[in-house]
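Listed below, chain by chain, are the residues.
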Amino acid sequence: MTKSSWGHYPKTTQNLQFLHWPPKQLPTHQTILPYGLGRSYGDSCLNDQGTLLITEKLNRFIDFDPSSGVLHSEAGVTLEDILLQFVPRGWFLPVTPGTKFVTLGGAIANDVHGKNHHAVGNWGHHIVEFTLMRTSPQEILTCNPHQNAELFYATLGGLGLTGLILSAKVKLKKIQSSQIKQDMITFNNLHEFYRLSEESCEGFEFNVAWVDCFKNSKQENRGIFFRGNFDDNQIFETHKPSRLLQVPFFLPNQTLNAFTVKAFNELYFQMHRFKAGTNLTTSYNSFFYPLDAIHHWNKIYGIQGFYQYQCVIPLDNKAALQDLFQEISNFQQGSFLAVLKVFGRIKSLGMMSFPVEGVTLALDFPVNPKSTELLNRLDEIVMKAKGRVYIAKDARMSQKAFLAYYPQFQNFLKYKDPAFSSSFLRRIS
Amino acid sequence: MKKILIIGATSAIAQAFCKRSLHNAQNDFYLIGRNAEQLELIANDLKVRGAQNVFVEAADLNTFEQHEKLIEKAQNCLKNFDWVLVAHGVLGDQKSAEHNSHQTLEIIHSNYTSQATLLNCIADKMEKMGSGVIGVLSSVAGDRGRRSNYIYGSAKAAITTFLSGLRVRLFKSNVQVLTIKMGFVDTPMTAQFSKGPLWTKPETIAMELVSLFENKKNGEYYLPFFWRYIMLVIRLLPSFIFNKMNFL
Ligand SMILES: Cc1cc2nc3c(=O)[nH]c(=O)nc-3n(C[C@H](O)[C@H](O)[C@H](O)COP(=O)(O)OP(=O)(O)OC[C@H]3O[C@@H](n4cnc5c(N)ncnc54)[C@H](O)[C@@H]3O)c2cc1C
Ligand SMILES: NC(=O)c1ccc[n+]([C@@H]2O[C@H](COP(=O)([O-])OP(=O)(O)OC[C@H]3O[C@@H](n4cnc5c(N)ncnc54)[C@H](OP(=O)(O)O)[C@@H]3O)[C@@H](O)[C@H]2O)c1
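Residues numbered from 1 in each chain as written. Chains lettered and ligands numbered in written order. Predicted model: local features only at pLDDT ≥ 70, side-chain atom pairs only at ≥ 80, totals over all residues. Heavy atoms only, no water.

Engineer: How would you summarise the interface of chain B and chain A if you had to cite specific residues and measurements?
Structural biologist: Taken together, the contacts link 18 residues of chain B with 18 residues of chain A. Both faces combined, the contact of chain B with chain A buries some 1,400 Å², and carbon together with sulfur accounts for 52% of it. The largest share of the area that chain B buries against chain A comes from B:L41, B:V48 and B:R49, three residues that together contribute 41% of it. Our count for the chain B to chain A interface comes out at three salt bridges. For the salt bridge of B:E203 with A:K57, the shortest nitrogen-to-oxygen distance reads 3.7 Å. Seen at the junction of chain B and chain A, the total is six residue pairs in polar contact (both at pLDDT 80 or more). Put simply, the parts of the chain that give the side of chain B that touches chain A at least two residues each are α1 (12–21), α2 (36–48) and α7 (202–214) of chain B. At seven residues, the largest contribution of residues to the side of chain B that touches chain A is made by α2(B). (Contact = heavy atoms within 4.5 Å. Buried area = accessible area lost by both parts, 1.4 Å probe. Salt bridge = Lys/Arg side-chain N within 4 Å of Asp/Glu carboxyl O. Polar contact = N/O pair within 3.5 Å; in protein donor to acceptor, adjacent residues only side chain to side chain. Helix = DSSP H or I, 4+ residues; strand = E, 2+ residues; numbered from the N terminus.)

See the structure below:
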């Protein structure tokens, strides 16, 4: 059996050690790295020629306190499992990424964010405590803002390099319905996008937009703005776990090209324009996890794999966003899943966390030399704008770019466990 | 709400079975296994998932003289058994067991003798209760002895035969007996094998298993179903071919 990351790039080989029970101690004869469900896109969850500690079987709940909403569970529990158990009881994830096939430990190690960043911050803001297993000495430490606090903040967004998280306590969010009331609004340019973001920041917990990377005839980027809140209709329905729709094999590498992406974007835009409206009721599953409906959708990029690129640009440099789109246009390299969102003011707690106040853009491109060149150009723009790129999605940034984005890295290394390493770490060191 | 007794509760398949059984119900569990710490983890998990009462008992099941007391205690706690799952077992190291009678006995005891004596105790109780389902995890390895695991396979064949008789005995008492013949399942027992398309996840087995219990099925079942046909072919292979198939 082999393990890869969600972008199927780079290709690596590693020993797999499945953890069925919390280990008594960690192996140290080879470098080790925890691996959840491999929903990171690049190489930060890979450890070429080393060992991966597979945590998906550490999936037991430990305790739930209905008075505070604090759920204590092993680190391999998935967000999907939490939803299936707790939505019927009126609880939801405090923050959720765009897929529910993510582990609790993986969500901590990337300090993931969701559509409610402007309202509640990152995943790490809702982590009460975790236990961390380290190798020298072999020990298990309890980490929270009062105990081993530095290690706590280094491990939030710590890329699995500070030790193995065995269990964690996360504070769930009380809901009055499993359904979302959403508005879908089309916008014709980035100006309108910013206006919608600003006006939606107060009254809406969830905000996100899809944007067409290809400029229209007026040289503008159109898109669709989604915003919403949980309903309060006391309906508590979970999604049906299904594996019906899936991409069964890798599609040929040429499937996605400027032409098909343009066609897709046109179709996507028109479909949503048709459906656009306000106060539309939808399930949490289709609102938060539209991509989960098609299993292995990553295979449409072909066997070569694909790059995901997510950056954030501080709001006072937001003109740089236009430059990014211009550069993408110049390269005729459209991305059909382009997501745009404004991160709010809440400061990330993790030492290496990605979110900072600003506008974040996520794109994906097939792995090929042209994309590599384009992404290097985008890095130039992001560096100049004093933004940063999300490590969870990266497979190619240079050491120079990395250090510009994360100058705190040297300080972070103090907390790294000596036995832990990753393909990402070696690439940028 | 069901009262469920699990023997060998730390098994990956048994864990998945317990979780699955809580899908639409709040059951009571009595979990027997040999690792107290692991039993505790499982019990906590089942409680969060909606189990009412979960009792645990740590015991090595190869200590036969304890069996009667173990089952007695379980009955005192649960009062009656709606479902019983016998899930313990070891694969053992065939090659080294061939020259080591201690290891051979360990494989046979874990997969057959201990199960037989425990089932005797359970059958006595359930005969009196007059209802319930007993399921035992056997294996396709018992259908024909193979070079790579015939000691294990013979014990599985023995328990399968034992169960076919027990089924007849308990028929009058309205107790169903399920023999579950599984193919390759991805669990700690098979951690060292590389996995291919014939492999199944414990969660998939658990789903089918719970539905067999819910529907009070009686008899021998292959899980997943296609193993019935694979084993049909394997059983029918003439010896002069079968004997040459080293990879089995
Ligand atoms: C469709 C899709 C949408 C996404 N949307 C978002 C989004 O909106 N926002 C966002 O922030 N991210 C998003 N992501 C990225 C994803 O949420 C993160 O990469 C997440 O960390 C993946 O979790 P995982 O369990 O798969 O962990 P992996 O990808 O396997 O590992 C991630 C990191 O966690 C570490 N790790 C895993 N388990 C442990 C542990 N027990 N102890 C210590 N370290 C551990 C690993 O070493 C690695 O560094 C998305 C991904 C996909 C595929
Ligand atoms: N996995 C397969 O491919 C497969 C196929 C066909 C049949 N089966 C059968 O299915 C059953 C469950 O196995 P599994 O796949 O779930 O593997 P597993 O997770 O390894 O479970 C086997 C369990 O039995 C326990 N056990 C063994 N001897 C014991 C004893 N003397 N006292 C108490 N507990 C004991 C083990 O405990 P320890 O961890 O403490 O040793 C272990 O938890 C077994 O009978 C197996 O033979 C499995």
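Having seen it, we continue.
Engineer: Go over the site of ligand 2, please, and point to the residues and values.
Structural biologist: Residues and elements named next belong to chain B. Close contacts around ligand 2 come from 27 residues, with T10, R34, Y152, V185 and T187 the closest. Within the side chain of D60, a nitrogen or oxygen atom sits 3.0 Å from a nitrogen atom of ligand 2. H88 has a polar backbone atom sitting 3.0 Å from an oxygen atom of ligand 2. When ligand 2 is considered free in solution it has 880 Å² of accessible area, and contact with the protein chains removes 90% of it. Within the residue set of the shell around ligand 2, elements represented by two or more residues are α1, β5 (132–139) and α6 (150–171). Considering only residue class, the shell around ligand 2 consists of 13 nonpolar, 11 polar and three charged. (Near = heavy atom within 4 Å. Areas by Shrake-Rupley, 256 points an atom, 1.4 Å probe, with all protein chains shown as cover. Nonpolar A, V, L, I, M, F, W, Y, C, P; charged D, E, K, R; others polar.)

Engineer: How would you sum up the site of ligand 1? Please name residues and give values.
Structural biologist: All names here are of chain A. Taken together, 34 residues lie around ligand 1, and P34, R39, S40, T103 and Y390 are the ones closest in. For the shell around ligand 1, the secondary-structure elements that each account for two or more residues are β2 (32–35), α2 (104–109) and β9 (164–171). Residue composition of the shell around ligand 1, grouped by class: 18 nonpolar, 14 polar and two charged.

Engineer: Now, about the sheet that holds strand β7 (residues 127–135) of chain A: what can you tell me, with residues and values included?
Structural biologist: Residue and element names in this part refer to chain A. The five strands are arranged β4-β5-β9-β7-β8 in an open sheet whose pairing can be described as antiparallel. With one partner strand each, in any of the chains shown, β4 (61–65) and β8 (138–143) form the two edges of the open sheet. When strand polarity is set aside, the average angle formed by the axes of neighbouring strands in this sheet is 10 degrees. Bridge count for β7 against β9 is six bridges, and the pairing is antiparallel. Its bridge partner being in β9, M133 is matched across the sheet by L164. (Pairing = 2+ DSSP bridges. Axes fitted to C-alpha atoms, helices over the stretch in contact; angles between N-to-C directions.)

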